[in-house]
Amino acid sequence: MGMLDGKVALITGAARGIGKAIALKFAQEGADVAFTDLVINEAAEETISEIAAYGHKVKGYASNAANFDETHAVVEEILKEFGHIDILVNNAGITKDGLVLRMSEAQWDAVIAVNLKSAFNFIHAVIPSMARQKGGSIINMASIAGQMGNPGQINYASSKAGLIAMAKTVAKEMGSRGIRANAIAPGFIVSEMTNALPEAVREEYIKSIPLKRGGTVEEIANTALYLGSDLSSYVTGQVIAVNGGLYC
């Protein structure tokens, strides 16, 4: 018996990284998984195969999460295919870093659209069906940057702070319908992106973390499992920081 038996999870941007780790963890715990990415490429097909190995239903959908109409259309498709959506993980995200004085309007707009507007799009699309079934868990993937700011990332940090406020607002608006909404704020997580940083930069980050190591995508996935499952049935409107003590 898995913690998510009989549940359907929709995860955005799940072809790789944290999104993929969450999709695999959810499937391992019994969930059927629908996920979206900008394109369903070789990496996405590999993710589909890995999820399918757990014996549960899985399908990947090509969708631009920042497009309101496309999002509603893909959610409609998923509901037809899977019957219901119990968990939504808003994980789609990009970075286009730059100091505030040098940041272009295009850099700002792109990050806000993919990171923040996409979450609104998916929440707006899934809430009617969650309200009808009188239950659901919405998980926004925020960031430590959205809690404490980060030089060179005014667009990214603002989008992640927005995801926290969005989860808190949905929790207040939809609690009476049994819909919970929370955010996860990862700190320094070992990934392709952080591995690309110069070694000296990585070492500086590690020095500032009380646990003296980076986090893993599996540790983020475990937190998402908690929020997606009935273990967190009385938890809503919260931000769970998974950062090794880097920001308390």
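Since the structure is predicted, the reported quantities are computational estimates derived from the model, not experimental observations.

K.L.:
Help me understand the overall build of the protein in this model?
P.N.:
If you tally the helices and strands in the protein, you get nine helices and seven strands. Here the C-alpha atoms of the protein give a radius of gyration of 17 Å, agreeing with the 18 Å that 2.2 N^0.38 yields for 248 residues. If one aligns the C-alpha atoms of the protein with their principal axes, the spans along those axes are about 50 × 40 × 35 Å. For the protein, the residues scored as buried account for 49% of the 248 residues in total.

K.L.:
Explanation requested: the pairing of strand β1 (residues 8-12) in the structure shown.
P.N.:
Two faces belong to every sheet, and in a regular strand the side chains alternate between them. Taking burial as the measure, the five residues of β1 include five buried ones, the bulk of the element. Burial along β1 is two-sided: the residues V8, L10 and T12 and A9 and I11 are all buried. Strand direction decides the pairing type here: β1 and strand β2 (residues 32-37), joined by five bridges, are parallel. Bridged to T12 within β2 is T36. Crossover connection from β1 via helix α1 (residues 17-28) to parallel β2: handedness right-handed.

K.L.:
Help me out: how do you make sense of unusual backbone geometry in this one?
P.N.:
The phi torsion of most residues other than glycine is negative, and most of the peptide bonds are trans. Positive phi, close to 55°, is recorded for K134, a residue that is not glycine. Mapped onto the fold, K134 is located in the loop between α4 (105-132) and β5 (136-141).

K.L.:
Teacher, can you tell me more about the packing of α1 against helix α9 (residues 217-228) here?
P.N.:
Helix-helix packing: each pair is described by the crossing angle between the helix axes and the interaxial distance. In contact at an axis separation of 8 Å, α1 and α9 are set at 55° when each is read in the N-to-C sense. In terms of their interaxial angle, α1 and α9 are classed as oblique. You can see that α1 and α9 cross each other, and the crossing is right-handed. Residue-level inspection shows G17, I18, A21, I22, K25 and F26 of α1 in contact with α9, the latter providing V217, I220, A221, N222, A224 and L225. Along the lines of polarity and charge, the residues of the contact of α1 with α9 split into nine nonpolar, two polar and one charged.

K.L.:
Whenever I open this one, α9 confuses me. Can you help?
P.N.:
At 3.6 residues per turn, the α-helix brings residues three or four places apart onto the same side. Across its 12 residues, α9 extends 16 Å between first and last C-alpha, which sits within 8% of the 16 Å expected from 1.5 Å per residue. Residues of α9 that are buried: V217, I220, A221, T223, A224, L225, L227 and G228. In the core, the buried residues of α9 are packed alongside α1, β4 (87-90), β5, β6 (179-186) and β7 (239-242).

K.L.:
Just checking my understanding: could you explain the layout of surface pockets for this structure?
P.N.:
Empty pockets left among the atoms are what a rolling probe the size of a water molecule brings to light. Taken as a whole, the largest pocket holds about 1500 Å³ of empty space. If you trace the largest pocket, you find 48 residues lining it, with G93, T95, Y156, S191 and M193 closest to the centre. Put simply, the parts of the chain that give the lining of the largest pocket at least two residues each are α1, β2, α2 (42-52), α5 (145-148), α6 (154-174), α7 (192-195) and α8 (199-207). At four residues, the largest contribution of residues to the lining of the largest pocket is made by α1.

K.L.:
Would you take a moment to explain the pattern of salt bridges for this structure?
P.N.:
Two side chains of opposite charge can pair, provided their charged atoms sit close to one another. All told, the structure shown has six salt bridges when counted by the stated rule. Where D37 meets R16, a salt bridge forms, and the shortest distance between an N and an O atom there is 3.8 Å. Note that D37 is positioned in strand β2 and R16 in the loop between β1 and α1, a separation of 21 residues in sequence. For E81, the salt bridge identified is with K57, shortest N-O distance 3.5 Å. Remark: K57 occurs in the loop between α2 and β3 (58-62) and E81 occurs in helix α3 (residues 68-82); sequence separation between them is 24 residues. Note on E81: relative accessible area 36%, which makes it partly exposed.

What counts, and at which threshold
- Residues numbered from 1 in each chain as written.
- Predicted model: local features only at pLDDT ≥ 70, side-chain atom pairs only at ≥ 80, totals over all residues.
- Heavy atoms only, no water.
- Helix = DSSP H or I, 4+ residues; strand = E, 2+ residues; numbered from the N terminus.
- Rg over C-alpha atoms; globule rule 2.2 N^0.38 Å.
- Buried < 20%, exposed > 50% of the residue type's maximum accessible area, 1.4 Å probe, protein only.
- Pairing = 2+ DSSP bridges.
- Right-handed = clockwise from strand over helix to strand, strands pointing away.
- Axes fitted to C-alpha atoms, helices over the stretch in contact; angles between N-to-C directions.
- Parallel < 35°, antiparallel > 145°, perpendicular 65-115°, else oblique.
- Left-handed = near helix turned anticlockwise from the far one by under 90°.
- Contact = heavy atoms within 4.5 Å.
- Nonpolar A, V, L, I, M, F, W, Y, C, P; charged D, E, K, R; others polar.
- Expected span 1.5 Å × (residues − 1).
- 1 Å grid on protein atoms, 1.4 Å probe; cavity = no way out; pocket = protein on both sides within 12 Å on 5 of 7 lines; lining within 4 Å.
- Points joined across faces, edges and corners; volume = space filled by probe spheres on them.
- Salt bridge = Lys/Arg side-chain N within 4 Å of Asp/Glu carboxyl O.

Everything listed here is a matter of coordinates, which is why it stays silent on function.
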